[in-house]
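# Structural characterization, general
This is what each chain is made of:
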Amino acid sequence: MALAPVESVPDGLDDETAARRLAQDGPNCLPDSGGRRWRRIAADALREPMYLLLAGAAILYLVLGEPREGWFLFGMVGLLLCMTLIQEGRTERALQALRDLSSPTALVRRNGVARRLPARDLVAGDVIELGEGDRVPADALLLAASGLMLDESLLTGESAPVAKVAAPQGSAPAAPGGADLSWVYSGTLVVQGHGLARISATGPRSEIGRIGAALGRITPPPGRLQRETSLLARRFALLGGAVSALLVGLLLVRDTDPLQALLAGIALSMSMLPEEFPVILTIFPAIGAWRLARSQVLTRRLSAIEILGSTSVLCVDKTGTLTENRMAVACLWRDGVVHQNAPGAAMPPPQRELLACALRASREAGTDPMEAAFWRLAAAALPDGGAAPAGWSLAHEYGLTATRAALVHVWVRADGPPLVVAKGAPETIVALCRADQPRHAAALAATARMAGAGLRVLAVARASVAAGRWPDDPAAFDFELLGLIGLADPLRAEIPAAVAACRAAGMRIVMITGDHPETARAIARQAGIGDEQVITGAQIAALDGGTLARRLDGVAVCARIAARQKLDIVQALQRGGAVVAMTGDGVNDAPALRAANVGVAMGRRGTDVAREAAELTLLDDRFAALVQAIAAGRRIFENMRKSMCYVMSMHVPIAGMALLPPLLGWPVMLYPLHIVFLELVIDPACSLAFESEPAEKDAMRRPPRAPGEHLFGRKAVLSALVQGAWVLALLAALYGWSLAHLSAPEARTVAFTGLVLCNLMLLLSNRQRGGIGGILRIANPVFWTITALALLLLALAIVLPAAAGMLQLAPPPPHFLAIAVLTALAALAGLELRKWLASRMAARPARAPGQVFGHAD
């Protein structure tokens, strides 16, 4: 139906009044914590086992009569807490930036001009425009409406949409849920039609605000990565506690001072706590999502980053994603005559009539790019820019439906009978028109030729009717086919390179479009997607789920697809074992976006419904940005794995050097102060150095990761343990040899120096898969900064008497420190040899079953 009339289009509030009401009522949002504040972060950190063990060690030092060591350890607790606050604060700032980017917007009239503003800035009295796919930003009274239907299930629990009617003169407030009401409510969704409304209540004063602010405080359940690493950390903590208790018992049996035994046990517990794992899982996705946002890709759910690296199929729209979405009329066909639109070219009268009728079947203020192209051409080719003649008024509208790809308008004219005009897909329009087989066949043949040239084709028809009640179905009108309009939408310049990158990365691209099959085939050919196999919506409708999954194997183009069929395509691909990323922008795309492993909404032309159903939003609608996001997802996942491998491998020699000396009857090497020193290196290394590490050169030349592959599975754990065991063996030999030639403090200094240097070697070796030569050529300023600071702190700990005394160190002869350096280089050599052997094993072709030494049994 047409937009219910109002006496005049409201100008809305002026900026001054809106600012005054915003200051008085507050922002239009529910109360929300907006993330963790620094007090919450500090309280959470202080409850961690590492901090509790440090505090216990500090108290023990004070009990032993060593206040300097005790207070120094308390100072280290404060320093580590500050580092945690900095890291967590950076993460929270990144998350808050994402929340700000993802906050909803609304089209509001201010000072008589329609403009898009953040929904939180709306106030009572603002006039807003609502369209299909929008989420209503505040409670409001409808001033005008056209076929408006809303999903109010958020407030009522009823899934069936309810119709709305305009009440420009006002209406008494009513509760949500009733049909034909004049009120719309914050948080509900526009599923059909459009309208104009005046806001009556915002924020906590709205219906959803009265339900309660608890919605904003719902905490999502932890993801699979969080559950896996939490389980791993708990196991290590239990193991560390048990082994530490055994160590304390052993030392007590050997008549060691009880407090010293407790300190050694605390040091061992601290060395076996992989408390960096939660830091890695928090910082990497959050900072990675912030980096993606800078590349115009908004991550609504951080878990999507984990899935991006395993995506094997990309289902993408054509219009606006692969193409520029800058529609321009290329040609107009009527009765076999084609007019090629060119600047300055005069348009013949028959084609001008065709264009004028196309405008009558278009919305004047619409955002559809094809309608916008009609209006731009009309401004240059038609009198009055194609505006409706005086005395014409829109009386009725038949919108697009899932079964009718056409928009039909009924116009009442003062100078003649009502006029019905329709525009839409050529097949649909031809089916609506009265029998004229030769003309229809010529139109469909012209459609195929224009589509083969990559043009998007719309047909236009008209009918004259008598005044009266309009039929429920526009097929009842006696339409006459007028002609065809071909629109060009150029392929984005970066698409061929982006498609080639996806192919190199082992990903398959399936283009899904509502266009004519020949148009889709031409665009796919230009993009490099391939056009060998094309399936249409009609063919899909005739297939069941299992048959469709088999039929889609090898298909690159799906044409004339209805929005509801996207869900069928996604589920069929998933049934075949694919990990699917799906793009979409409309209300009807939401089920497919939610069903896909990674839903990707369009930021510019997408609806609120689509954006909320998706994990990612392309803020500039570019396919190349999605490819960049996949590359970033692979880099983030790989760097998380490297970081966790480094952390575990480093904890092996630390725990070993805390445990082995007492078992072997040697002097204790590591006390809590030494563990704190090492944590000052490990914490920023695992969170900052690896987060800043560039991607592997072949990251986008490898196939997607298997869907069930764990972030830190058995293979990665074994690799970390092997690295750590190698370093531990070298350090144990170094400490034992040093004890044979030096005093205990000097030997401890040599071994501790070797431990710090081996830590840096582990960090260096785990940065990249390649050899050390290639690693050194890859820029990572954060790594070199951490290395320089670690060496500086180590030198100060050895040289400064006060620091050396607290750490129970003593400067050894220089050539013993040289031996520690050589030990670290030997550790690096072994680590690089392991990588080389692993790469050789990976490159060796798999032997067939039953084959030994190259020969079949």
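Residues numbered from 1 in each chain as written. Predicted model: local features only at pLDDT ≥ 70, side-chain atom pairs only at ≥ 80, totals over all residues. Heavy atoms only, no water.

## Looking at the overall build of the chain
Each helix and strand counted, the chain has 29 helices and 24 strands in total. Burial analysis of the chain (857 residues in total) assigns 52% to the buried set. If you sum the accessible surface of the chain, you get close to 36,700 Å²; carbon and sulfur atoms cover 61% of it. (Helix = DSSP H or I, 4+ residues; strand = E, 2+ residues; numbered from the N terminus. Buried < 20%, exposed > 50% of the residue type's maximum accessible area, 1.4 Å probe, protein only. Areas by Shrake-Rupley, 256 points an atom, 1.4 Å probe, with all protein chains shown as cover.)

## Here we look at the nonpolar core
By size, the foremost hydrophobic cluster in this structure holds 74 residues, and its most contacted members are Tyr 646, Leu 670, Phe 712 and Phe 752. Taken together, the elements giving at least two residues each to this core come down to helix H9 (276-294), helix H22 (623-664), helix H23 (672-689), helix H24 (714-741), helix H25 (744-765), helix H27 (781-799), helix H28 (801-806) and helix H29 (814-843). In terms of nonpolar packing, the next biggest core, distinct from the first, is built from 40 residues, Leu 292, Val 316, Ala 527 and Ala 624 among them. (Core = buried A, V, L, I, M, F, W, Y, C linked by side-chain atoms within 4.5 Å.)

## A short note on the packing of H25 against H27
Where H25 contacts H27, the two axes come as close as 11 Å, and the packing angle between them is 180°. Judged on the interaxial angle alone, H27 and H25 are roughly antiparallel. Where H25 approaches H27, its residues Thr 749, Phe 752, Thr 753, Val 756, Leu 757, Leu 760, Leu 763 and Leu 764 are matched on the opposing element by Phe 783, Thr 787, Ala 790, Leu 791, Leu 794 and Ile 798. Tallied by class, residues from the contact of H25 with H27 come to 11 nonpolar, three polar and no charged. (Axes fitted to C-alpha atoms, helices over the stretch in contact; angles between N-to-C directions. Parallel < 35°, antiparallel > 145°, perpendicular 65-115°, else oblique. Contact = heavy atoms within 4.5 Å. Nonpolar A, V, L, I, M, F, W, Y, C, P; charged D, E, K, R; others polar.)

## Structural notes on H22
Counting along an α-helix, one turn takes 3.6 residues, and residues three or four places apart therefore face a common direction. With 42 residues, H22 should cover 62 Å at 1.5 Å per step; its first-to-last C-alpha distance of 62 Å lies within 8% of that length. Along H22, the sharpest kink reaches roughly 25°, centred on Met 657 and followed within four residues by the proline Pro 661. Counting buried positions along H22 gives 36 out of 42 residues, so the element sits mostly inside the fold. (Expected span 1.5 Å × (residues − 1). Bend = angle between axes of the 7 residues up to and from the residue.)

## Some details on the pairing of strand E13 (residues 406-413)
Across the eight residues that make up E13, a large majority, seven, are buried. Relative to strand E14 (residues 416-424), E13 is paired through seven bridges, and the arrangement is antiparallel. When the sheet's bridge partners are listed, Leu 407 is paired in E14 with Lys 423. (Pairing = 2+ DSSP bridges.)

## Some details on the sheet that holds strand E16 (residues 480-488)
Taken in spatial order, the seven strands line up as E11-E10-E16-E15-E14-E13-E12 in an open sheet, and their pairing is antiparallel. Looking at which strands have only one partner, the edges of the open sheet turn out to be strand E11 (337-340) and strand E12 (392-398). Adjacent strand axes in the sheet meet at a mean angle of 25°, parallel and antiparallel pairs treated alike. Direction of pairing for strand E10 (residues 328-334) relative to E11: antiparallel, over a ladder of four bridges. Considered in E11, the bridge of Trp 333 is made with Val 338. Relative to the sheet, helix H11 (residues 349-360) contacts E10, E11, E12, E13, E14, strand E15 (456-464) and E16, its axis offset from that of E10 by approximately 115°.

## Description of the pattern of salt bridges
Any two side chains of opposite charge can pair, so long as their charged atoms come close to each other. Within this structure, the stated rule accounts for 26 salt bridges. Of the charged contacts, one joins Glu 638 and Arg 769 as a salt bridge, the two residues approaching to 3.0 Å between their closest N and O atoms. Placement of Glu 638 in helix H22 and of Arg 769 in the loop between H25 and helix H26 (772-776) is noted, with a sequence separation of 131 residues between them. On the accessibility criterion, Glu 638 (13% relative accessible area) is buried. (Salt bridge = Lys/Arg side-chain N within 4 Å of Asp/Glu carboxyl O.)

## Considerations on the pairing of strand E9 (residues 313-317)
Summarising burial for E9: five of the five residues are buried, a large majority. In E9, alternate side chains face the same way, and those of Val 313, Cys 315 and Asp 317 on one face and Leu 314 and Val 316 on the other are all buried. The pairing of E9 with strand E17 (residues 508-512) spans five bridges and is parallel. By the bridge assignment, Cys 315 is partnered in E17 with Val 510. Bridge count between E9 and strand E20 (residues 580-584): three bridges; the pairing is parallel. Considered in E20, the bridge of Leu 314 is made with Ala 581.

## Section: a nonpolar patch on the surface
Taken together, Leu 789, Leu 792, Leu 793, Leu 796 and Leu 800 make up a surface patch of nonpolar side chains, about 430 Å² in accessible area. One can find Leu 792 in helix H27. Under the relative-accessibility criterion, Leu 792 is labelled partly exposed at 48%. (Patch = residues over 30% accessible without salt bridge, like charges linked within 9 Å, V, L, I, M, F, W, Y side chains within 5 Å.)

## Side note on the confidence of the model for the chain
Interpretation of the predicted coordinates at a detailed level should be avoided for regions scoring low in pLDDT. In this model, the chain carries an average pLDDT of 81, and 83% of its residues clear a pLDDT of 70 or more. Ignoring residues within four places in sequence, the model shows residues 846-857, a span with pLDDT below 50, making eight contacts including any to other chains. (pLDDT = per-residue confidence, 0-100.)

## Structural notes on the sheet that holds strand E21 (residues 598-602)
Within a sheet, adjacent strands bond to each other through the backbone by hydrogen bonds, running parallel or antiparallel. Strand order in the open sheet formed by eight strands is E8-E22-E21-E20-E9-E17-E19-E18, and the pairing between neighbours is mixed. Of all the strands in the sheet, the pair left with one neighbour each is strand E8 (297-299) and strand E18 (534-536). Here the strands of the sheet are splayed against their neighbours by 20° on average, with no regard to which way each runs. Relative to the sheet, helix H16 (residues 517-527) contacts E17, E18 and strand E19 (557-559), its axis offset from that of E19 by approximately 155°.

## Comments concerning the packing of aromatic side chains
What describes a pair of aromatic rings is the distance from one ring centre to the other and the angle between the planes of the rings. Applying the stated criterion to the full structure yields eight aromatic pairs. Taken together, Tyr 398, Phe 477 and Phe 479 form an aromatic cluster joined through their ring pairs. Over the face of the ring belonging to Phe 637 we find Arg 705, whose NZ or CZ atom lies 3.5 Å from the ring centre. In this structure, Arg 767 is placed above the aromatic ring of Phe 783, and the distance from its NZ or CZ to the ring centre is 5.0 Å. (Phe/Tyr/Trp six-rings, centres within 6.5 Å; stacked < 30°, edge-to-face > 60°. Lys NZ or Arg CZ within 6 Å of the ring centre and 35° of its normal.)

## Focus: unusual backbone geometry
Positive phi, normally seen in glycine, also occurs at Asn 111, with a value near 55°. Among the structural elements, Asn 111 can be located in the loop between strand E1 (105-110) and strand E2 (113-118). Unlike most non-glycine residues, Asp 384 shows phi in positive territory, near 60°. Its location among the elements puts Asp 384 in the loop between helix H12 (369-381) and E12.

## Some remarks on the environment of Ala 443
Relative to the helices and strands, Ala 443 resides in helix H14 (residues 437-452). It is 8.2 Å that separates the C-alpha atoms of Ala 443 and Asp 335, two residues lying 108 residues apart in sequence. Excluding residues that lie within four positions of it along the chain, Ala 443 makes contacts with Trp 333, Leu 481 and Leu 484.

## Description of the packing of H11 against H12
Running from N to C, H11 and H12 cross one another at 135°; their axes reach a closest spacing of 10 Å. By the angle between their axes, H11 is oblique relative to H12. Here H11 and H12 pass one another in a crossing that is left-handed. Counted together, Arg 352, Leu 355, Ala 358, Leu 359 and Arg 360 of H11 and Phe 374, Trp 375, Leu 377, Ala 378 and Ala 381 of H12 form the full contact between these two elements. Taken together, the residues that form the contact of H11 with H12 break down as eight nonpolar, no polar and two charged. (Left-handed = near helix turned anticlockwise from the far one by under 90°.)

## What to know about helix H19 (residues 563-575)
Residues Gln 565, Lys 566, Ile 569, Val 570, Ala 572 and Leu 573 constitute the buried set of H19. Taken around the axis of H19, the buried residues stretch over an arc of 165°, which confines them to a single face. Remark: Gly 577 follows H19 within two positions and exhibits a positive phi of approximately 95°. (Arc of directions from axis to C-beta.)

## Details of the environment of Ala 505
Tracing the sequence through the fold places Ala 505 in the loop between helix H15 (495-504) and E17. Spatially, the C-alpha atoms of Ala 505 and Ala 631 are 9.1 Å apart, while their sequence positions differ by 126 residues. Among residues more than four places away in sequence, those in contact with Ala 505 are Arg 634, Met 700, Arg 701, Arg 702, Pro 703 and Pro 704.

## Some details on the environment of Glu 324
Relative to the elements of secondary structure, Glu 324 occurs in the loop between E9 and E10. The class of Glu 324 is partly exposed, set by a relative accessible area of 26%. Measuring from C-alpha to C-alpha, the distance between Glu 324 and Ala 488 comes to 9.9 Å, with 164 residues separating the pair along the chain.

## Quick look at the state of the cysteines
Within the structure shown, the criterion is met by zero disulfides. Free of any disulfide, Cys 315 has its nearest cysteine sulfur in Cys 558, 7.3 Å distant. Cys 315 gets classed as buried once you look at its relative accessible area, which sits at 1%. (Disulfide = S-S within 2.5 Å.)

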